[in-house]
Amino acid sequence: MLSNQYKFIECRLEQGVAELILNRVEVHNAFDEVMISEMIQAIESFASNNQCNMLILRANGKNFSAGADLNWMRKQAKMDFEQNLTDAHELAKLMHVLDKFPKPTIALVQGAAFGGALGLICCCDIAIANTRASFCLSEVKLGLIPAVISPYVIRAMGNRQSRRFMLTAERFSADVALTHQVIHEVNDDLDAAAAPFIAAFNANSPQGMAWAKNLVSHLENGVIDDATLDFTSEQIARIRVSEEGQEGLNAFFEKRTPTWKTAKSDPQGAQ
C-alpha cells in the first residue's frame, strides 16, 4: 500500500512493514516545517495502525538528508523568539514521536546525513548506512547549536564524542559513525542488511518489543536504586501474567508457534 497524501514524503505499508521515505530529492531531502509536519503525521498514523509491525525510515535519491532547508532557515532568521520557539517545538515533537514509536524502527542511510537528519537516525532503534554515507553536526558553523537533536545524539555517541563533533562541526564517515554508535552496521546493500532485522522483529512478540523499548527508555539515566528495582520487578511480573506473555510462555513449553508469529506468516493477516 502506497500513500500519496503527502507532498514531501512517501509512506508504504506492506505485510506489516511500514516505510517512511523522505522525498525532496531536489534539495537532498532537506526538511522544512511542512515536511516535519508530514513526518509527525505519518509516524503517529503508523503508531496507531494495528497492521504496522515496524517502521523503516529511508530516503529517495543520493543523500539521506542535508538537514534543515535553506529557505526554512531564512524564515527562522526573521522570526521573533516566540515564533522560533513554536517552530523548534515542532522539530522536538518529531524527534520525540520517532524516539517513542511503540514498534521497532530501522534507519537506512545513504550519502549525506547532516544536522537534524543525524537526530532522526539516533532516534531509531537500528541504523544501517552505506559506505558512501557521511555525517555532520554543522550548526556551530552558522552560530547555532544542535539543541533539539542533542539528547538523542548524546545518548548514542556519548558525552565525550558529542563534544568533539558538535564543537568541530567536522564531517565524519560511516566507519567513524559505526565506531561511535551512531549506526550499527555499514553495508552497501541496505535492504539486504535490513532483512535479518525485519525477520527477527516478525518472529518476536509485539508487546514484548514495545515493553522492551519502554524499559530501555525508562532506564536511560543509569541510576540503579530502590525505585529501579521496584520498576523492573513490576514490569516482568506484569508481562508474565499478560495475555501475550502467557501465550509466549505456553507456546514455548508446548513446543508450538506463538499466535503472533502464526498471524504474521499468514498472507491474509498481512492485508
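Model, not experiment: these values are computed from the prediction.

As a rule of thumb, soluble globular proteins bury nonpolar side chains together. Ranked by size, the top nonpolar core spans 55 residues in total, and within it Ile121 and Phe135 carry the most contacts. A total of seven residues in this core trace back to one element, the largest contributor, which is helix 1 (residues 33–47). Grouped together as the second largest cluster of nonpolar side chains are 13 residues, Ile56, Ile106, Leu190 and Ala194 included.

Turning our attention to the sheet that holds strand 6 (residues 112–114). With respect to topology, three strands assemble into an open sheet ordered 6-8-9, the strand pairing being mixed. At either margin of the open sheet sits one strand with a lone partner, and together these are strand 6 and strand 9 (171–173). The sheet shows a mean angle of 25° between the axes of neighbouring strands, taken without regard to direction. Relative to strand 8 (residues 134–136), strand 6 runs parallel, the two being bridged by three bridges. Considered in strand 8, the bridge of alanine 113 is made with phenylalanine 135. Where helix 4 (residues 116–123) meets the sheet, its contacts fall on strand 6, strand 8 and strand 9, and the angle it forms with strand 6 comes to roughly 95°.

Considered domain by domain, the protein chain is made up of domain 1 (9–201) and domain 2 (205–254). Relative to domain 2, the C-alpha centre of domain 1 lies at a distance of 28 Å. Each partner contributes to the interface: domain 1 provides ten residues, whereas domain 2 provides five residues. For the pair domain 1 and domain 2, the two sides together bury roughly 560 Å², of which 46% comes from carbon and sulfur. If you look at where domain 1 meets domain 2, you find two salt bridges. Aspartate 125 is the salt-bridge partner of lysine 213, the closest N and O atoms lying 2.9 Å from each other. Run the count over domain 1 and domain 2 and you get five residue pairs in polar contact (both at pLDDT 80 or more). Classifying every residue of the side of domain 1 that touches domain 2 gives four nonpolar, one polar and five charged.

Right, let's get into the packing of aromatic side chains. Under the definition given, this model contains three aromatic pairs. Both rings, one in phenylalanine 252 and one in phenylalanine 253, keep their centres 5.3 Å apart while their planes meet at 75°; by these two values the pair is edge-to-face. Taking relative accessible area as the criterion, phenylalanine 252 reaches 61% and is therefore assigned exposed. Among the aromatic residues, those joined into a ring-pair cluster are Phe135, Phe165 and Phe172.

Space inside the largest pocket adds up to approximately 780 Å³. Around the largest pocket sit 26 residues that line it, and Ala68, Met73, Gln76, Glu139 and Leu144 are the ones nearest its centre. Sorting elements by how many residues they give to the lining of the largest pocket places helix 2 (residues 70–78) first, with five residues. Its residues assigned to classes, the lining of the largest pocket shows 17 nonpolar, six polar and three charged. By volume, the second largest pocket amounts to about 650 Å³.

Conventions we followed
- Residues numbered from 1 in each chain as written.
- Predicted model: local features only at pLDDT ≥ 70, side-chain atom pairs only at ≥ 80, totals over all residues.
- Heavy atoms only, no water.
- Core = buried A, V, L, I, M, F, W, Y, C linked by side-chain atoms within 4.5 Å.
- Buried < 20%, exposed > 50% of the residue type's maximum accessible area, 1.4 Å probe, protein only.
- Helix = DSSP H or I, 4+ residues; strand = E, 2+ residues; numbered from the N terminus.
- Pairing = 2+ DSSP bridges.
- Axes fitted to C-alpha atoms, helices over the stretch in contact; angles between N-to-C directions.
- Contact = heavy atoms within 4.5 Å.
- Domains from an automatic or database assignment.
- Buried area = accessible area lost by both parts, 1.4 Å probe.
- Salt bridge = Lys/Arg side-chain N within 4 Å of Asp/Glu carboxyl O.
- Polar contact = N/O pair within 3.5 Å; in protein donor to acceptor, adjacent residues only side chain to side chain.
- Nonpolar A, V, L, I, M, F, W, Y, C, P; charged D, E, K, R; others polar.
- Phe/Tyr/Trp six-rings, centres within 6.5 Å; stacked < 30°, edge-to-face > 60°.
- 1 Å grid on protein atoms, 1.4 Å probe; cavity = no way out; pocket = protein on both sides within 12 Å on 5 of 7 lines; lining within 4 Å.
- Points joined across faces, edges and corners; volume = space filled by probe spheres on them.

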